[in-house]
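Fold and contact review
Chain residues, written in single-letter form:
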Amino acid sequence: MKTTLSLTNRHIVVGVCGGIAAYKSAELVRLLRAAGAEVRVVMTAAAQSFITPLTLQTLSTHRVHTDLLDAEAEQAMGHIELARWADAILIAPATANTLARLANGLCDDLLSTVCLASRAPFMVAPAMNQVMWENRVTQENIARLEAREVLIAGPGVGEQACGEFGPGRMLEPEQLVATLSSLFLSERLAGLSVLITAGPTREALDPVRYLTNHSSGKMGYAVALAAADAGADVTLISGPTHLAVPPGVRRLDVVSASDMHELVMAHASDSDIFVAAAAVADYRPGSVATQKQKKGASHVELKMVRNVDIVAAVAGSTPAPFTVGFAAETENLATHAQDKRRAKSLDMIAANLVGADQGGFLVDDNALEVFWEGGHKSLPLASKTCLARELIGLIAGHYHARSAA
Ligand code: PMT
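I will try to describe carefully the structure that is included in this document. Remember, predicted model here, so these are calculated numbers, not experimental data.

Bringing the sheet that holds strand 17 (residues 348-353) into the picture now. With respect to topology, eight strands assemble into an open sheet ordered 12-11-8-13-16-17-18-19, the strand pairing being mixed. Lying at the two open borders of the sheet, with one neighbouring strand each, are strand 12 (249-253) and strand 19 (375-383). Averaged over neighbouring strand pairs, the angle between their axes works out to 20 degrees when direction is ignored. Along the sheet face, helix 10 (residues 218-229) touches strand 8 (193-198), strand 11 (233-238), strand 12, strand 13 (273-276), strand 16 (322-329) and strand 18 (365-372) and points at about 165 degrees away from the line of strand 8.

Below, the structure written as structure tokens:
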């Protein structure tokens, strides 16, 4: 498994509970930020008896979230936005009480509500008296959380604040940061080459003007990051965007649909999986003026010619990679997406509504309806990072099922 992962740009919600180890959360937040993460802190009421919100606000550079029913805080970033914003949640220290409440799905304070409302990977660092840790009830709660894929980090064994010796010490912040990094990684696509397109294309009219669309590249870049996290060798062919290259991803830049077509076809035969998230222009101006066109006439007519459908060309090539398209629709999402999947002979299509209030172009959140032959899965509104991880999980499952058949 790759071990060089940084936490650059990862959104981490740090939950702090009321235990003496809460003093270590200051160092934890500092180290997470030093590793490149963006951090938002949620403190329980008891935690504030051990360390002040001001300390963690200063270190995280953001207001600390403490109350579920604080109208002012909810206006800035409500509990649902916070849950959606998180790429991962880390509770450190996690007390026996909070573990019990999480294990039973309670949501009677901000931290437990954020946990219940989030689809992000989740890690807890238990810290408590050793008898409390070994109590059968605590162990049953831990087993329930593990069964829900919550990563339990620690506790360490040693001298305790209460003077006893045994298991119950919170792991050191350095260990927690290293373990958190591994939370993003899997080997589901290890050894595979994944080719991804993202962003808009620009179709030139003359040396200074072009036709384009609203794609920011965020969805495709998130898919590239998720594929790299899953252990794939990732090539991202990107139209013009302002985004940074995701860690572990090789980016090749293009401008027009024709450039994108040429580069994709050069890489497709070496790829195991192709994901077409780019918003590619269907048409381009029939001719490109060599000089800037002067205004004068009251109207101009533009003759457009069809661009090659890149994803259809890849799906029709031999041997074709496992090919996944996107469908951007403003209405009849399922029908149009299924029609596109069949018309382009795609293994899978991820459909999203664009031009609506939530999701689609430009914003950080989206919702996908994913279709394949004989199946469908809804991925409800979440951050594009979270959706991309879920989509890559689906793609990996179908890719491996097909390879095993
Ligand atoms: O970039 P963001 O701001 O994050 O927005 C994300 C997104 C809305 C752009 C993305 O989620 C998305 O839907 N991408 C596909 C946009 C699109 O072009 O959809 P379409 O329905 O017109 O095309 C269907 C499929 O054919 C797509 O996979 C597209 O990449 C592909 N296509 C289209 C035309 C063409 N000439 N070649 C293609 O490969």
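Having seen it, we continue.
Below, the discussion takes up the side chain of D109. Position of D109 among the secondary structure elements: in the loop between helix 5 (96-103) and helix 6 (110-117). Side-chain polar atoms of D109 contact the side chain of S112, separated by 2.5 Å. If we skip the residues at most four places from it in the chain, D109 touches T44, L68 and R101.

Attention now moves to the site of the ligand. Near the ligand lie 28 residues; those nearest to it are S215, S216, A278, K340 and N352. A distance of 2.8 Å is found between an oxygen atom of the ligand and a backbone nitrogen or oxygen belonging to M219. Within the backbone of V311, one N or O atom sits 2.8 Å away from an oxygen atom of the ligand. Look at the ligand: alone it shows 770 Å² of surface, and the protein chains cover 96% of it. When contributions to the shell around the ligand are tallied by element, the ones reaching two or more residues are helix 10, helix 12 (310-315) and strand 16. Split by residue class, the shell around the ligand holds 16 nonpolar, six polar and six charged.

Another aspect to go through is helix 6. By the criterion of burial, helix 6 is predominantly enclosed, with six of the eight residues buried. Residues of helix 6 that are buried include every one of L110, L111, S112, T113, V114 and C115, and no others.

Using the criterion set out here, one finds one aromatic pair in the structure. Ring centres of F322 and Y399 lie 6.4 Å apart, and the angle between their planes is 80 degrees; on these two criteria the pair is classed as edge-to-face. In this pair, F322 is assigned in strand 16 and Y399 in helix 14 (residues 384-404), connecting sequence segments 77 residues apart. For the pair formed by F322 and Y399, the shared burial category is buried. Over the face of the ring belonging to F184 we find R10, whose NZ or CZ atom lies 4.2 Å from the ring centre.

Conventions we followed
- Residues numbered from 1 in each chain as written.
- Predicted model: local features only at pLDDT ≥ 70, side-chain atom pairs only at ≥ 80, totals over all residues.
- Heavy atoms only, no water.
- Pairing = 2+ DSSP bridges.
- Helix = DSSP H or I, 4+ residues; strand = E, 2+ residues; numbered from the N terminus.
- Axes fitted to C-alpha atoms, helices over the stretch in contact; angles between N-to-C directions.
- Contact = heavy atoms within 4.5 Å.
- Polar contact = N/O pair within 3.5 Å; in protein donor to acceptor, adjacent residues only side chain to side chain.
- Near = heavy atom within 4 Å.
- Areas by Shrake-Rupley, 256 points an atom, 1.4 Å probe, with all protein chains shown as cover.
- Nonpolar A, V, L, I, M, F, W, Y, C, P; charged D, E, K, R; others polar.
- Buried < 20%, exposed > 50% of the residue type's maximum accessible area, 1.4 Å probe, protein only.
- Phe/Tyr/Trp six-rings, centres within 6.5 Å; stacked < 30°, edge-to-face > 60°.
- Lys NZ or Arg CZ within 6 Å of the ring centre and 35° of its normal.

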